[in-house]
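A structural walkthrough
Next come the chains, spelled out residue by residue.
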Amino acid sequence: MYSYNPVFFTVYAIIWFVVVVILVISNWKLFEKAGEKGWKALIPFYNFYIFIKISGRKEYYFWVILAGMILMPVLNYFNMSQLQASMEYGAYPANPFMLGLLSLFGLAVAVTMLVFSISVLLSICDRFGVSRWFTVGLVLLPIIFMPVLAFGDYRYTPPVSNFDSPESTRPESL
């Protein structure tokens, strides 16, 4: 029914490999600019933890996004099993309420992951002194904007936490 085109697959695989290599090299250089060891960019999940640490965001950002990365395939599996049951046993989903609930929960997880990820990218842009519009480029065209950030003349500024300094106090309320 479907034809397999090995040339298309080969070209696609080569392009995908080149994109991954460019992004890994860019992350390596970005980590080194931020004072982290470059090899940390090679370890899955740990590289994202370091990326969030560089951005100055709290550690729970990592756990929220990691939970979303784990939840999405699970939700998709259950959604697909509901759809498959509906195709095998009739025109209606086996449990339409459950299918709708899983779809809405999956949407909520995806939007949460997107908001947290964009927030981390905004913080990265602040740490490197680039405009917030640069974040739009990082979201839409990371293959271009990540190397620009990594190999450009941008300097990393560590995040300043008000809670680390001994003279920090809670602001007075009016």
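What comes next concerns the included structure. (Residues numbered from 1 in each chain as written. Predicted model: local features only at pLDDT ≥ 70, side-chain atom pairs only at ≥ 80, totals over all residues. Heavy atoms only, no water.)

1. Looking at the overall build of the chain
Short version of the rule: Numbering of helices and strands starts at the N terminus; helices are DSSP runs of H or I of at least 4 residues and strands are runs of E of at least 2. Any residue under 20% of the maximum accessible area for its type is buried, any over 50% is exposed, and the rest in between are partly exposed; the area is computed with a 1.4 Å probe on protein chains only. To be clear on the numbers: accessible area is Shrake-Rupley with a 1.4 Å probe, and residue cover counts the displayed protein chains and nothing else.
Along its length, the chain carries six helices and zero strands. Order of helices (α) and strands (β) in the chain, N terminus to C terminus: α-α-α-α-α-α. Here the chain holds 174 residues, and 28% of them are scored as buried. Put simply, the chain shows about 12500 Å² of open surface, and 70% of that area lies on carbon and sulfur atoms.

2. Thoughts on the packing of aromatic side chains
The condition is simple: Two rings from Phe, Tyr or Trp (for Trp, the six-membered ring) form a pair when their centres sit within 6.5 Å of each other. Planes less than 30 degrees apart are called stacked, planes more than 60 degrees apart edge-to-face, and all others tilted.
Under the definition given, this model contains 10 aromatic pairs. Relative to Tyr49, the ring of Tyr46 lies with its centre 6.3 Å away and its plane at 15°, an arrangement referred to as stacked. Here Tyr49 and Tyr46 lie together in helix α2 (residues 46–55), a separation of three residues that amounts to about one turn. Taking 5.1 Å as the distance between ring centres and 80° as the angle between the ring planes, the aromatic pair formed by Phe134 and Phe145 counts as edge-to-face. Of the two residues, Phe134 is situated in helix α5 (residues 133–140) and Phe145 in helix α6 (residues 142–151); the sequence distance between them amounts to 11 residues. By relative accessible area, which is 10% here, Phe134 ends up buried. Here Phe145 falls in the partly exposed class, since its relative accessible area comes to 25%. By the ring-pair criterion, three or more aromatic residues cluster together here, those being Tyr46, Tyr49, Phe62 and Trp63.

3. With respect to unusual backbone geometry
Residues other than glycine seldom take positive phi values, yet Phe45 does so here, at roughly 70°. Inspection of the secondary structure puts Phe45 in the loop between α1 (6–33) and α2.

4. So, the environment of Asn79
Basically, it comes down to this: By the convention used here, residues are in contact when the closest approach between their heavy atoms is within 4.5 Å.
Residue position: Asn79 is located in helix α3 (residues 60–89). Owing to a relative accessible area of 12%, Asn79 belongs among the buried residues under this scheme. Remark: the alpha-carbon pair of Asn79 and Leu99, spanning 20 residues in sequence, is separated by 6.1 Å. Sequence-distant contacts of Asn79, that is, excluding residues within four places in its chain, are made with Leu99, Leu102 and Ser103.

5. Some points on a nonpolar patch on the surface
Applied cut-off: Without a salt bridge and with relative accessible area above 30%, a residue can belong to a patch; like charges are then joined within 9 Å and nonpolar side chains (Val, Leu, Ile, Met, Phe, Trp, Tyr) within 5 Å. Any carboxyl oxygen of Asp or Glu that lies within 4 Å of a side-chain nitrogen of Lys or Arg is treated as forming a salt bridge with it.
Nonpolar side chains collect at one region of the surface, where Phe8, Tyr12, Ile14, Trp16, Phe17, Val18, Val20, Val21, Ile22, Ile25 and Phe151 lie side by side and expose about 1100 Å² of accessible area between them. At 10 residues, α1 tops the list of elements feeding residues into the nonpolar patch. Mapped onto the elements, Ile25 comes out in helix α1.

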